[in-house]
Number of protein chains: 2
Amino acid sequence: MNYSLHLQMNEKLYLRDPEQSDLGRRIVRQGILLIHEIGFEETTFRKLAERLGTKEASIYRYFENKHRLLVYIVAWYWRWLDYQVVYETNNITSPRQKLERILPILLQRSTDTPATPDDIDLRALHNVVIREASKAYLTRHVSDDNREQLFKPYKDLCGRLADLILDFNPNYPYARSRASSLIETAHYQAFFMENLPSLTNFGGEPTDDTLLAFLHHLLFSSIERTVKE
Amino acid sequence: MNYSLHLQMNEKLYLRDPEQSDLGRRIVRQGILLIHEIGFEETTFRKLAERLGTKEASIYRYFENKHRLLVYIVAWYWRWLDYQVVYETNNITSPRQKLERILPILLQRSTDTPATPDDIDLRALHNVVIREASKAYLTRHVSDDNREQLFKPYKDLCGRLADLILDFNPNYPYARSRASSLIETAHYQAFFMENLPSLTNFGGEPTDDTLLAFLHHLLFSSIERTVKE
DNA sequence: TTGCAAAGATAGTATTACTATCATAGATGC
DNA sequence: GCATCTATGATAGTAATACTATCTTTGCAA
């Protein structure tokens, strides 16, 4: 049996809470699918409205613009990852084991989804995040968006991973950078593997998971040794 | 004394070679500055034309659209980095030393510019690449662009770094992924340090270069050990 | 001096990214 | 059963964007 899961989102992310109405939920869910299918640049509120059988103006009542919709979707993803990390590391004592359990989550390889967020296409979402997430912060107005706490879920997740790294090795001096670069590397390498494979050492056969092995190697080779000052 | 340097670019990158005319060169050089100042999203050919005292239509004679201009600028940067890598590692025999000399280049910390590409604001260019380069390939049409060899300079650079890694450790199984993730990590950690510092361990004082130390640590901790299969 | 290529000048189109306003339908309170 | 309130629908409109087309001018080259 599945439990239903609701992730509370920062109010600054929207004009009207999309989880509070049917239209709102469909905007988010179909938004993910549309961005997945045609890419963020090609996505417009008009196209999304047509797909939903509604009007542009209705979507604007929920989100200021499509960038904010992307930020919302990506923030939701980080909250969802954070939840999975907590769930998967619960009752594990060994810091090493905890970290090892996190790696498949970053690649969306963990099959057991305890509480499934209803109706959200997690596979599409994962691909959207890989291709589009960095566009949420690679803008001129990062600092403003950051001041509004729009990236808090990402920071929280990185903070959690950094803490686990410090549990494993209390002397490690780069825990936060290690955490953020682990997440980014997981995504970039997944994108490269799919689209620019010559930038990787991964063949692309879904059976052997060299990318997972690579991330494991990268993470532990760095945090196992205490860096000399 | 400086030598003048001209980097040959793939013909697919432009409609008319911008290095062959005064207007073309100004489009590239002022384009870098404009994107640096207002960001890629806000940049339009109209604004760039006004800045150049010319017309939109003239710019369209050189570049199909602003995405292609970005791809050109970024490709130029990778060629320039590649040149610097060759220059800085020339006559060095120790693979370790070669790799160590590359790290400051990735962060644009190397002060000695042997042949300076005329009139290009390298500092602005570096910042543009950090913030915008991934937008060159994080699109729906990556595969088409890749087929047209638009990303060859990036791949060449990664290939060169991968070869150096294999010189250092011939048994290392992830040389290409290690190379691409080193470059990407250098850039987004620099971005985070500047804009979302809580995702890093870097204070931001320009005197101590913790980011460089971090990259050094990441690279060598992974490639020093032979990964067990 | 004729010819050609680069750039200037002007105009036009479809689409985007919004904003504003008014009407309507359904739920809720009394 | 009526008032009311809220979410959405419907329509319209605007400034800007991302181009394309065409015609003219300029400057250099044969």
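Quick caveat, the model's predicted, so the values are computed rather than measured.

Now, about unusual backbone geometry: what can you tell me, with residues and values included?
Residues and elements named next belong to chain A. In this structure, asparagine 91 is a non-glycine residue whose phi angle is positive, near 70 degrees. With respect to the element layout, asparagine 91 can be found in the loop between helix 4 (66-89) and helix 5 (95-106). A positive phi angle, close to 70 degrees, is found at glutamine 149, a residue other than glycine. Relative to the assigned elements, glutamine 149 resides in the loop between helix 7 (142-147) and helix 8 (152-168). Note on glutamine 149: relative accessible area 40%, which makes it partly exposed.

Go over the relation of the copies chain B and chain A with me, naming the residues and quoting the values.
Note on the identical chains: chain B maps onto chain A by a rotation of 180 degrees and an axial translation of 0.0 Å, with an RMSD of 0.0 Å. In short, the pair behaves as if placed about a two-fold rotation axis. For chain B, the minimum C-alpha distance to the rotation axis belongs to B:Ser221 and amounts to 2.8 Å. Looking at chain B, 100% of its interface residues are interface residues in chain A too, so the copies touch through the same face.

Residues and numbers for the interface of chain B and chain A, please.
The interface of chain B with chain A comprises 52 residues on the first partner and 53 residues on the second. Buried area between chain B and chain A, both sides added, is near 4,400 Å², and the carbon and sulfur share of it is 59%. Linking chain B to chain A there are 24 residue pairs in polar contact (both at pLDDT 80 or more). When residues of the side of chain B that touches chain A are traced back to their parent elements, those giving at least two are helix 1 (22-38), helix 6 (122-137), helix 7 (142-147), helix 8 (152-168), helix 9 (175-195) and helix 10 (210-223) of chain B. Considering every element that reaches the side of chain B that touches chain A, the biggest residue donor is helix 9 of chain B, with 13 residues. Looking at side-chain class alone, the side of chain B that touches chain A contains 22 nonpolar, 19 polar and 11 charged residues.

Basis of the calculations
Residues numbered from 1 in each chain as written. Chains lettered and ligands numbered in written order. Predicted model: local features only at pLDDT ≥ 70, side-chain atom pairs only at ≥ 80, totals over all residues. Heavy atoms only, no water. Helix = DSSP H or I, 4+ residues; strand = E, 2+ residues; numbered from the N terminus. Buried < 20%, exposed > 50% of the residue type's maximum accessible area, 1.4 Å probe, protein only. Least-squares fit on C-alpha atoms with pLDDT ≥ 70 in both. Contact = heavy atoms within 4.5 Å. Buried area = accessible area lost by both parts, 1.4 Å probe. Polar contact = N/O pair within 3.5 Å; in protein donor to acceptor, adjacent residues only side chain to side chain. Nonpolar A, V, L, I, M, F, W, Y, C, P; charged D, E, K, R; others polar.

Shape descriptors only; they carry no functional weight alone.
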